[in-house]
Amino acid sequence: TYHLFFKNIEELKVYGNYFEGTYAQVYADSIIFDDTSDYGATGNVVIENNEFVNICQYAIVFWDYCDVQLKVVGNKFKNCGVDGANDGYIRAVVTLVLAQLKNENTTVLVEKNEMENVDALVRVQYANMTAEKVNVGVKDNIFISWAEPQPITNNGEGKEALINAEYNYFGQEVTDESFKGV
């Protein structure tokens, strides 16, 4: 289940909404950009000043075929991605499963968000993502608490450092091992 489902969308702003899930419901997402169409999203996509509460899987997920200039700014995420399934998947608040970009011009900026009791904040999925194809910035966020060993991760096999994660506040202890591909 999901709150918003987009496909073939060009230019979008999601602003000032409250999204609440049931927390116990497995595989419930808030905002999905689909991969079964020509493309999920292109152009400028802004997700700003929203609140996501009890979303048991992904708060924001981009599947294949998205070429966006994405900004996730000023949102609050509480109890997101922590569904207790213990199935080995990292359910990050912002998940990029962009295996097949149509061009090499994707920029993602995740800034000034607040996370409390989330699985992880940002996950980049595929090894074929390179710095030439995607630029991901994660900065000025407040991480109060999270479940995964890595709150920010490039989950791809290539482990190229695709994520610039400077100037974030962490309410739990972090070490070099807390960041993968960052």
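Structural data are supplied above this passage.
These numbers were taken from a predicted model, which means no experiment stands behind them.

**Q** Before we move on, can you summarise the overall build of the chain with the specific residues and values?
**A** Tallying secondary structure elements over the chain gives zero helices and 19 strands in all. Relative to its full complement of 182 residues, the chain shows a buried share of 48%. Considering only contacts within the chain whose residues lie at least 6 apart along the sequence, 84% involve residues at least 24 apart. Surface accessibility of the chain: about 8300 Å² in total, with carbon and sulfur atoms responsible for 45%.

**Q** Give me the lowdown on a nonpolar patch on the surface, citing residues and values where you can.
**A** The grouping of Ile142, Ile144 and Tyr169 at the surface amounts to a nonpolar patch, some 270 Å² of accessible area in total. Mapped onto the elements of the fold, isoleucine 144 is located in the loop between β15 (142-143) and β16 (152-154).

**Q** Describe in detail the sheet that holds strand β5 (residues 41-48), supporting the description with residues and values.
**A** Ordered by their spatial adjacency, six strands build an open sheet running β2-β5-β8-β11-β14-β17, and the pairing between neighbours is parallel. Strands at the two margins of the open sheet, each flanked by one partner only, are β2 (9-15) and β17 (163-164). Examined bridge by bridge, β2 and β5 share six bridges and lie parallel to one another. Considered in β5, the bridge of isoleucine 9 is made with alanine 41.

**Q** Could you give an account of unusual backbone geometry, with specific residues and numbers?
**A** Non-glycine residue asparagine 117 carries a positive phi angle of around 55 degrees. Asparagine 117 gets classed as partly exposed once you look at its relative accessible area, which sits at 26%. A positive phi is found at aspartate 140, a non-glycine position, where the angle reads about 55 degrees. Along the chain, aspartate 140 falls in the loop between β14 (134-139) and β15. Classification of aspartate 140 by relative accessible area gives partly exposed; the value is 35%.

**Q** So, the environment of cysteine 80: which residues are in play, and what are the values?
**A** Tracing the backbone through its elements, the reader meets cysteine 80 in strand β9 (residues 76-80). Looking at cysteine 80, the relative accessible area reads 0%, which means it is buried. For cysteine 80, the residues in contact, after removing those within four places along its chain, are Phe52, Val53, Ile55, Gln57, Val93, Asn117, Val118 and Asp119.

**Q** Break down the pairing of β9 for me, with residues and values.
**A** The sheet contact formed by strand β6 (residues 51-53) and β9 spans three bridges and is parallel. When the sheet's bridge partners are listed, glutamate 51 is paired in β9 with lysine 76. Bridge analysis of β9 against strand β12 (residues 114-118) gives four bridges, and the strand direction is parallel. The residue of β12 that forms the bridge with lysine 76 is glutamate 114.

**Q** How would you sum up the pattern of salt bridges? Please name residues and give values.
**A** Going through the model one piece at a time under the given rule, you end up with one salt bridge. The salt bridge involving glutamate 48 is made with lysine 13; its shortest N-O contact spans 3.7 Å. Note that glutamate 48 is positioned in strand β5 and lysine 13 in strand β2, a separation of 35 residues in sequence. Overall, lysine 13 belongs to the exposed group, its relative accessible area being 53%.

**Q** How would you summarise the nonpolar core if you had to cite specific residues and measurements?
**A** With 39 residues, the main nonpolar core has Phe33, Phe52, Ile60, Phe62 and Phe77 as its most contacted residues. Non-local contacts of phenylalanine 77, meaning those with residues more than four positions away in its chain, are made with Phe52, Ala59, Ile60, Val72, Val93, Asn113, Glu114, Met115, Glu116 and Val118.

**Q** Account for the sheet that holds β6, with residues named and values stated.
**A** Spatial ordering of the open sheet is given by β3-β6-β9-β12-β15-β18, a layout of six strands whose pairing is parallel. Whereas interior strands pair on both sides, the edge strands pair on one side only; in this sheet they are β3 (18-20) and β18 (169-170). Bridge analysis of β3 against β6 gives three bridges, and the strand direction is parallel. Looking at β6, one finds that glutamate 20 is bridged to valine 53.

Cut-offs and rules
- Residues numbered from 1 in each chain as written.
- Predicted model: local features only at pLDDT ≥ 70, side-chain atom pairs only at ≥ 80, totals over all residues.
- Heavy atoms only, no water.
- Helix = DSSP H or I, 4+ residues; strand = E, 2+ residues; numbered from the N terminus.
- Buried < 20%, exposed > 50% of the residue type's maximum accessible area, 1.4 Å probe, protein only.
- Contact = heavy atoms within 4.5 Å.
- Areas by Shrake-Rupley, 256 points an atom, 1.4 Å probe, with all protein chains shown as cover.
- Patch = residues over 30% accessible without salt bridge, like charges linked within 9 Å, V, L, I, M, F, W, Y side chains within 5 Å.
- Salt bridge = Lys/Arg side-chain N within 4 Å of Asp/Glu carboxyl O.
- Pairing = 2+ DSSP bridges.
- Core = buried A, V, L, I, M, F, W, Y, C linked by side-chain atoms within 4.5 Å.

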